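Observations on the three-dimensional arrangement
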Amino acid sequence: MVRRWIAVTATAGAVLAGGVVEPASAQPAPIEGMDRLSPEERAVVQRNFERWQQLTRDERARVIERYRYWQSMSPEERQAARENFQRFRQLPPAERQRLLEDFQRWTELPESRRQELQEAYDRFQRLPVERRERILRHWAQFQQLPLTERERIMRNWERWQRLTLEERAQIRERVRQEREQRFRER
């Protein structure tokens, strides 16, 4: 998931940095910060001079960072990023907006939380296919529940998370015993 977003971001940065190849006519005096750029990066800035001039210092730094990241990508990664960007552009506007909002929320997360979520995603991807499908089925069933029922389940889950391992073990044992008792009574 993160890799996909990185590819989309890198593609968008490349489009901003290099995809607007409009020759600049009369270029004024040297551009601030040009001396710190590589010859290739200076050429990109000169090709996109008017847009570059309109960027703030922070925006310029981000464009350069993204351009350098794009340059560091393998040809396969660049191709995947281009394909992801094309798929993104073909989405309905509401879906594109939702993805952009999701991405914004992702970038606002602390690095530790992003790392934690990435690790959880990687663990999920390593699960056997049947287990992943079962989890996704259960998630879909959960999503279909009325809001009040979903909220009740989430409160129970949060309460469960606050329990100690010992308390959880006791509850599991009590539930096991109750099931056995019901089974015997049948």
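See the structure shown above.
Summary of the structure given here. Per chain, the residues get numbers from 1 upward, laid out in the order the sequence is written. Thresholds applied to this predicted model are a pLDDT of at least 70 for local features of residues and 80 or more for the giving and counting of side-chain atom pairs; totals over whole chains, interfaces and linings are not thresholded and use all residues. The side-chain numbers reported here are obtained from all heavy atoms of the structure, hydrogens and water having been left aside.

Think of it this way: any DSSP run of H or I at least four residues long counts as a helix, any run of E at least two long counts as a strand, and we number them from the N terminus. A count of helices and strands for the protein gives ten helices and zero strands. Sequence-ordered secondary structure for the protein, helices as α and strands as β, is α-α-α-α-α-α-α-α-α-α. In the protein, buried positions account for 21% of the 186 residues. By definition in these notes, contact holds between two residues if any of their heavy atoms fall within 4.5 Å. Considering only contacts within the protein whose residues lie at least 6 apart along the sequence, 52% involve residues at least 24 apart. Here the Shrake-Rupley method, with its probe set to 1.4 Å, supplies the accessible areas, and only the displayed protein chains count as covering residues. When the accessible surface of the protein is totalled, it reaches about 14,600 Å², and 52% of it is carbon and sulfur. Each residue gets one of three labels from its accessible area relative to the maximum for its type: buried under 20%, exposed over 50%, partly exposed in between, using a 1.4 Å probe on protein chains only.

Here we take up the pattern of salt bridges. Each salt bridge in this description consists of a side-chain nitrogen of Lys or Arg and a carboxyl oxygen of Asp or Glu lying within 4 Å of one another. Inspection of every chain in the model, using the stated rule, returns nine salt bridges. A salt bridge links glutamate 173 to arginine 176; the shortest N-O distance between them is 2.3 Å. Pair noted here: glutamate 173 and arginine 176 are both in helix 10 (residues 165-185), with a separation of three residues, about one helical turn. With a shortest N-O distance of 3.6 Å, glutamate 180 and arginine 184 are connected by a salt bridge. Taken together, the residues glutamate 180 and arginine 184, both in helix 10 and four residues apart, mark about one turn of the helix.

All right, on to the environment of glutamate 40 then. With respect to the helices, strands and loops of the structure, glutamate 40 is situated in helix 2 (residues 39-47). The partly exposed category is assigned to glutamate 40, whose relative accessible area is 44%. With residues near it in sequence (within four places) discarded, glutamate 40 still touches Tyr67 and Gln71. A distance of 2.7 Å separates polar atoms of two side chains, one belonging to glutamate 40 and the other to glutamine 71. Definition of a polar contact: a pair of N or O atoms within 3.5 Å, with one able to donate and the other able to accept a hydrogen when the atoms are protein atoms, and with sequence-neighbouring residues admitted only if both atoms are side-chain atoms.

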